[in-house]
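# Report on the structure
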Amino acid sequence: MTTPSDHGQDASAAAGTGAPAGPASLAELERRAAARRRRPAYGHDALIACDRLVRVFTADGVEVQALQGLDLLVAEGELMALVGASGSGKSTLMNILAGLDVPTAGAAKVAGRDLLTMDAGARLGYRREVVGFVWQQTARNLLPYLTTLQNVTLPMQLSGGRRRAARTKAAERLLSMLSLDHCRDRRPHQLSGGEQQRTAIAVALANSPSVLLADEPTGELDSHTAEQVFTAFRTANEELGTTIVIVTHDQAVASEVRRTVAIRDGRTSSEVLRRTERDAATGRESLVAREYAMLDRTGRLQLPAEYTGSLGMEHRVLLELESDHIGVWPDRPADEGRAEEGSGDGPEDEAGQAPEPGDARTGMPGTADGADA
Ligand SMILES: Nc1ncnc2c1ncn2[C@@H]1O[C@H](COP(=O)(O)OP(=O)(O)OP(=O)(O)O)[C@@H](O)[C@H]1O
């Protein structure tokens, strides 16, 4: 076991490489370089790959870093939610993924398209064919003077290719899939809020996009209607295989998806994964949610504010490498820490017990649902 005083003495050993200290031979450096070249690129198999994404806005001479090196991978066919406090950068990210805004730095790829280098023509094609979006404000999703059917066929018409009869047939199939047949010839003001949002989903799916992005799609709806709209997203995901990313404050939506990613201060900070587990003894199935802190590619970790706050952690912390976890400790003068903790080679609690995994002081997130940081 290392102690806090061991830190910084042998970076390679601390990193667990087991490599001897001292300069590496030329052959060793060549071997490492070759291994690095063979390693697949970050996010090579993801449909959405954001790599250290930065977006800086300048307003009245003041810089706002809306995204501060955000990493996010979304697999093809996933239905996932993004949550986060107001101002954390969710809409900024969605606008970039929608091709409406360009990041200041970093890399972002969606379905093989590079969002930083696309020219205006490629960007238009991207918005028409690769991504569909559903916004919170229904007025932004639908044209008020068109019927439901016309709203859905319009994107098909704009991208060209299909004949009128084929467009109508494809639109009717979408309406039927989302239980909107009865709305076919109505205009938006003749639809309920939920029907409007489901129509917006049909419009967004019109050109069979790889990705559907939704920013607070249930924000203006009551919980029952929100549930119906979420069911429409699930249907699109299951029947068409569309990858779906939903930004939401709605805990019901966030807890129905398999993965919820929380954004804090312009970075992904934690992730809740849900999976069904079967009890070996009873055979009963239950949904288990586990919250993880995100470790970015440069090794940065955002500790939950309630953990650091409860232990008065500020500015710097002590790290301790154990065989199966890393301990994170408040920075207290060594004497004070030792006096309170008693003797021994590692920090202990008041009862002289070493901390267990799941203890906030270990820095290991416990089992919890809801990741809105
Ligand atoms: N066009 C802009 N000009 C200047 N600052 C901006 C601009 N757009 C966003 N910001 C700032 O960037 C930060 C992130 O904003 P963003 O809208 O992405 O947050 P959000 O998580 O979507 O918030 P909300 O949940 O309230 O919509 C905020 O501090 C915001 O004020």
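Under an unreviewed UniProt entry, the protein chain has the name ABC transporter ATP-binding protein and belongs to Streptomyces sirii.

The next thing to look at is the site of the ligand. Contacts to the ligand come from Phe57, Val64, Ala66, Ala85, Ser86, Gly87, Ser88, Gly89, Lys90, Ser91, Thr92 and His249. One nitrogen or oxygen atom from the side chain of Ser86 is found 2.5 Å from an oxygen atom belonging to the ligand. Contact between the ligand and Ser88: an oxygen atom at 3.1 Å from a main-chain N or O atom of the residue. Relative to its unbound accessible area of 630 Å², the ligand is 60% covered by the protein chains. Of all the secondary structure elements, the ones that give two or more residues to the shell around the ligand are strand 2 (62–74) and helix 3 (90–97). In terms of residue count, helix 3 provides more of the shell around the ligand than any other element does, 3 residues in total. When grouped by side-chain class, the residues that make up the shell around the ligand number 4 nonpolar, 7 polar and 1 charged.

Attention now goes to the pattern of salt bridges. Summed over all chains, the structure comprises 14 salt bridges. Here Arg31 makes a salt bridge to Glu28, at a shortest N to O gap of 2.9 Å. Taken as a pair, Arg31 and Glu28 lie in helix 2 (residues 26–38) at a separation of 3 residues, close to a single helical turn. Among the ionic pairs, Arg184 bridges to Glu172, the shortest N-O distance being 2.8 Å. Residue Arg184 is located in the loop between helix 7 (164–177) and helix 8 (193–205), and its partner Glu172 is located in helix 7; the two are separated by 12 residues in the primary sequence. Given a relative accessible area of 32%, Glu172 falls into the partly exposed group.

Here the second largest pocket defines a volume of roughly 550 Å³. Around the second largest pocket, the lining is made up of 21 residues, and of these Arg127, Phe133, Asn141, Pro155 and Val203 lie nearest the centre. Contributions of two or more residues to the lining of the second largest pocket are made by helix 4 (120–130), strand 6 (131–134), helix 5 (138–141), helix 6 (148–159) and helix 8. When residues of the lining of the second largest pocket are assigned to their parent elements, the largest contribution, 4 residues, is made by helix 6. A per-class count over the lining of the second largest pocket returns 14 nonpolar, 4 polar and 3 charged.

Moving on, we come to the nonpolar core. Counting residues in hydrophobic clusters, the biggest one holds 36 residues, and the most contacted among them are Val134, Val152, Ile201, Leu212, Phe233 and Ile246. Listed by contribution, the elements that provide at least two residues to this core are strand 3 (79–83), helix 6, helix 7, helix 8, strand 7 (211–215), helix 9 (223–240) and strand 8 (243–247). Once residues within four sequence positions are removed from consideration, Ile246 is found in contact with Leu79, Met80, Ala81, Leu82, Ala214, Pro217, Phe230, Phe233 and Val253.

Definitions and limits used
- Sequence order as written defines residue numbering, which begins from 1 separately in each chain.
- Whole-chain, interface and lining totals are the exception, using all residues; otherwise, since this is a predicted model, local features are given only for residues with pLDDT of at least 70 and side-chain atom pairs are given and counted only at 80 or more.
- To get the side-chain values, take all heavy atoms of the structure and skip hydrogens and water.
- Near residues are defined by distance, with any heavy atom within 4 Å of the molecule or strand qualifying the residue.
- Any pair of nitrogen or oxygen atoms within 3.5 Å is treated as a polar contact; in protein, a donor-acceptor pairing is required on top of that, and neighbouring residues in sequence qualify only through side-chain atoms on both sides.
- Per-residue and other accessible areas were derived by the Shrake-Rupley procedure at a 1.4 Å probe size, with only the shown protein chains allowed to occlude residues.
- Put simply, DSSP marks the helices as runs of H or I at least four residues long and the strands as runs of E at least two long, and each gets a number from the N terminus on.
- Charged means Asp, Glu, Lys or Arg here, nonpolar means Ala, Val, Leu, Ile, Met, Phe, Trp, Tyr, Cys or Pro, and polar covers whatever is left, Gly included.
- Whenever Lys or Arg places a side-chain nitrogen within 4 Å of a carboxyl oxygen from Asp or Glu, that contact is recorded as a salt bridge.
- Three exposure classes are used, based on accessible area relative to the maximum for each residue type with a 1.4 Å probe and protein chains only: buried under 20%, partly exposed in between, and exposed over 50%.
- A cavity, in this analysis, means grid points on a 1 Å lattice covering only the protein atoms where a 1.4 Å probe fits yet has no way out; a pocket is instead an open set bounded by protein on both sides within 12 Å along at least five of seven lines, and a residue lines either one if it has an atom within 4 Å of a point.
- Grid points are joined across faces, edges and corners, and a volume is the space filled by probe spheres set on the points.
- Joining through side-chain atoms within 4.5 Å is the link that ties buried Ala, Val, Leu, Ile, Met, Phe, Trp, Tyr and Cys residues into a set, and such a set is a nonpolar core.
- Residue contacts are counted whenever heavy atoms from the two residues lie within 4.5 Å of one another.

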